[in-house]
Amino acid sequence: MASKPGILTEWPWTWLGNFKYLVLAPFVCHSTYTFFMSKDGERQKRDIVYIIIFPLLLSRMIHNQIWISISRYRTAKGNNRIVDKSIEFDQVDRESNWDDQIIFNGLLYYIGYLMLEQAHHMPLWRIDGIIIIALIHMGPVEFLYYWLHRALHHHFLYSRYHSHHHSSIVTEPITSVIHPFAEHLSYFTLFSIPLFTALFTRTASIASFGFYVTYIDFMNNMGHCNFELIPKWMFTIFPPLKYLMYTPSYHSLHHTQFRTNYSLFMPMYDYIYDTLDKSSDTLYEKSLEREAEVPDVVHLTHLTTPESIYHLRLGFASLASKPHTSKWYFWLMWPVTLWSIMITWIYGRTFVVERNMFKNIKLQTWAIAKYRVQYFMKWQRESINNLIEEAIMEADQKGIKVLSLGLLNQAKKLNCNGELYVRRHPELKVKVVDGSSLAVAVVLNSIPKGTSQVVLRGRLSKVAYSIALALCQGGIQVATLDEEEYKRLNAKLTPEAATNLVLSKSYVSKTWLVGDGLSEEEQLKAEKGTLFIPYSQFPPRKARKDCFYFSTPAMVTPKHLENVDSCENWLPRRVMSAWRIGGILHALEGWKEHECGNMMFDIDKVWKASLDHGFRPLTSMVTATESKI
C-alpha cells in the first residue's frame, strides 16, 4: 500500500476475494454461447475474435507464472543475480494480486469488442497493422510513459500511488504489474493508443493484438527479474540496441536509486533527457560475470503430494508463502498436476528450490524430483538412493560444508539414516546430517512440565528410540500399547532405564508421542484433551476436535534468517523443521562429525546451541482443533 493512499487505490473487486474472476464470467459465457450455440442461419456471424479473448487472458497468466518460476530458480542458484537483498513475506503478500491487471484488461477487451464495430471479424494477420503498432509504441507510447513515470516520482503522486510499486527494492517479474488501480488506468490508456490506432485505421489483426500484449508482458517480466539474462553479444552485433531495449540490471537501478532510468522498455529517452544512471553499464557487466553461488549448507528435501509442486517456492508464490493445505480448486487443475508428475518422473533430478542467509552462513534447499509415495516403492529405492548420493557428491565437490537430509531422504529402510553414503565414501568432506538430535530435543522440550507418563505410538525410528531412552532415564514412564514394540524398545534401553518402560492396555495418559502409522482409530481411543506430539517427519492426520495437535519437530527462526518468503511444507511462516535446523547448527558450531546412522549428539548441547543462535520453541504455536476443552 502507498504511504498516503490516493483515490482509486483499491481494485473494484477486492471485496470478492478469490471469487474476483466471476466478474469475467458473464462475458466468457456469452462469447462461448454465441460461438458454439448459434443457429444454423447465424453461423456466419460467429466471430473468433470474441471467443479468443479468454484464451489470451489464460496465456498471459501462464506466461507470467513461467517468468516467476524461472526467476526464482535463477536467483536461488545465484548466477547472474543483480541485487543480494532479501525478499520477505510482506512483499509476497503485497504482490499476490498480480492477476488483477489481467482481469481488468480482460474486462476492457470484452467491453471494447462489444462497443466497437471495428473490433469484429478482424483478420488473423496484417503486416501493416503490426508495423503501425510498433511505430506508435516506439514513439508516442515510450515518450508519454517516460514523462508519466517522472510525474509519478513527484512526491505528491509518489506518496499516493507509485510508492506501492517501489516498496519492492528487490524485484520479481510480477513486481512489474503491482500498482494501485488508478495507476493501471493510466497505463492501460497509454498502451491502448497503438491498438485503437490500428482499429480505427482498419489495419488491426488478431496477431497484432496478441503480439503487442505478449510483448508488453515479456518486457515487463524480463525487466523486473533479479538476474541478468541479456547476452552481451546482442549489443556487440547491433550497438544501437542499447537505446531500444533495456536490461534487468538497467531497470533494477531504478528500484535501488529511484531517480534514474525512468524509461519504459527503450532507454533512449533517459539518454535524451540525461536521466541515465551512470553505473548502468558497470552493473550489467558485473551481473553477467557473476557465477553460481556455492552455499555452506544444503538441505535436501523432496516433493510430497502431487499438489506440492504448486506449493514449492518455484511454483505459485502465494501458495508457497502459506502452510501446505489442500485447496478445493486443485481438482480442476488435475491435467496440469498429471503433466507435472510426468515431467518430474522423466526429469528425475535434484534442483535448487531456495536460498537463505543465516548470519554469514549461506543456505540452499535442494529438492529431489520424487514424491512421497515413491519412497515406499521398493523398486524406486535404488533410483532415489542414487539421486541422494549424487547430491551428496555434488555438494562435496563444490566444497559445501554440511548437507542435511530432510523428510524421507533419511529413512532407515532407504539408507540407514544416511549411513549408507558415508560407508560408501569414507573420504567425504561434506558432513551428512540427519538432524535427529535436535528433533529429539524439540520433542522432549515440548512435553509439558510435570508430566509423569507418556504414551509412545507409531512406527519406531531412531528419534523414537532416543526419546524413549531420554525419558526413561529422566524418570518419566513411557507406555507402549504393542508387545512387539515393547520388546524392541526394551532391547535398546539400559536395565535401569527399562524400569520406566511399561506395556499398557489403557489410554490414560494425556500426552502422546506419535510417529508415522498412527491410525485414526487409535486417536479416537485417547482421552479428551490429549496432546498429540509428533516425533516423525510427517504430521498425523487429525481425527479429533477435542484434542491438541503439536507441529512436527520444528522451531521458530530468528529475524537474522534472511530471504524467507515461503513456508516449509505444512509449517507456519518463519518456522523451520528440526532436521533442517540441525544442518545449520552443524555448520555454525563447526562440528566435525557426521550425524547419521546411529550417531547422536548430546541432546542438551544441541538444544542449547539452537537457543544460543536465536531459534525458539514452537510450543506457543500449538494448534487446537476448533472446540474448547
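Everything discussed here concerns the structure shown above.
In this text, all values refer to a predicted model and were calculated from it rather than measured experimentally. (Residues numbered from 1 in each chain as written. Predicted model: local features only at pLDDT ≥ 70, side-chain atom pairs only at ≥ 80, totals over all residues. Heavy atoms only, no water.)

A. Layout of the packing of aromatic side chains. With the rule as written, the count across this model stands at 32 aromatic pairs. Relative to Tyr269, the ring of Tyr146 lies with its centre 6.4 Å away and its plane at 35 degrees, an arrangement referred to as tilted. With Tyr146 in helix H5 (residues 127–152) and Tyr269 in helix H12 (residues 268–272), this residue pair connects regions lying 123 residues apart in the sequence. Residue classification places Tyr269 among the buried positions, given a relative accessible area of 9%. Taken together, the ring pairs connect Trp11, Trp13, Phe104, Tyr109, Phe181 and Phe188 into an aromatic cluster. Across from the ring centre of Phe35, 5.5 Å away, lies the NZ or CZ of Arg46, which sits over that ring. Sitting over the face of the ring of Phe538, Arg372 holds its NZ or CZ atom 3.9 Å from the ring centroid. (Phe/Tyr/Trp six-rings, centres within 6.5 Å; stacked < 30°, edge-to-face > 60°. Helix = DSSP H or I, 4+ residues; strand = E, 2+ residues; numbered from the N terminus. Buried < 20%, exposed > 50% of the residue type's maximum accessible area, 1.4 Å probe, protein only. Lys NZ or Arg CZ within 6 Å of the ring centre and 35° of its normal.)

B. Examining the packing of helix H2 (residues 48–77) against helix H8 (residues 206–223) more closely. Where H2 meets H8, the closest approach of the two axes is 11 Å, and the angle between their N-to-C directions is 20 degrees. Considering their axes alone, H2 and H8 lie roughly parallel with respect to each other. Considering the relative orientation of H2 and H8, their crossing is right-handed. Of H8, the residues touching H2 (which contributes Ile48, Val49, Ile52, Arg60, His63, Asn64 and Trp67) are Ile206, Val213, Thr214, Asp217, Phe218, Asn221 and Met222. (Axes fitted to C-alpha atoms, helices over the stretch in contact; angles between N-to-C directions. Parallel < 35°, antiparallel > 145°, perpendicular 65-115°, else oblique. Left-handed = near helix turned anticlockwise from the far one by under 90°. Contact = heavy atoms within 4.5 Å.)

C. Representation of empty space enclosed by the protein within the structure. Counting across every chain of the model gives seven cavities of 30 Å³ or more. If you list the elements that add at least two residues to the lining of the largest cavity, you get helix H4 (100–115), H5, helix H7 (181–200) and H8. With six residues, H7 is the single largest residue contributor to the lining of the largest cavity. Its residues placed into classes, the lining of the largest cavity shows 14 nonpolar, 13 polar and two charged. By volume, the second largest cavity is sized at about 320 Å³. Taken together, 26 residues make up the lining of the second largest cavity; nearest its centre are Thr301, Leu312, Cys567, Glu568 and Asn569. Put simply, the parts of the chain that give the lining of the second largest cavity at least two residues each are strand E1 (297–302), helix H14 (308–311), helix H15 (317–320), strand E2 (350–358) and helix H25 (578–589). Sort the elements by how many residues they give to the lining of the second largest cavity and E1 lands first, with three residues. Across the lining of the second largest cavity, the residue classes break down as eight nonpolar, 13 polar and five charged. (1 Å grid on protein atoms, 1.4 Å probe; cavity = no way out; pocket = protein on both sides within 12 Å on 5 of 7 lines; lining within 4 Å. Points joined across faces, edges and corners; volume = space filled by probe spheres on them. Nonpolar A, V, L, I, M, F, W, Y, C, P; charged D, E, K, R; others polar.)

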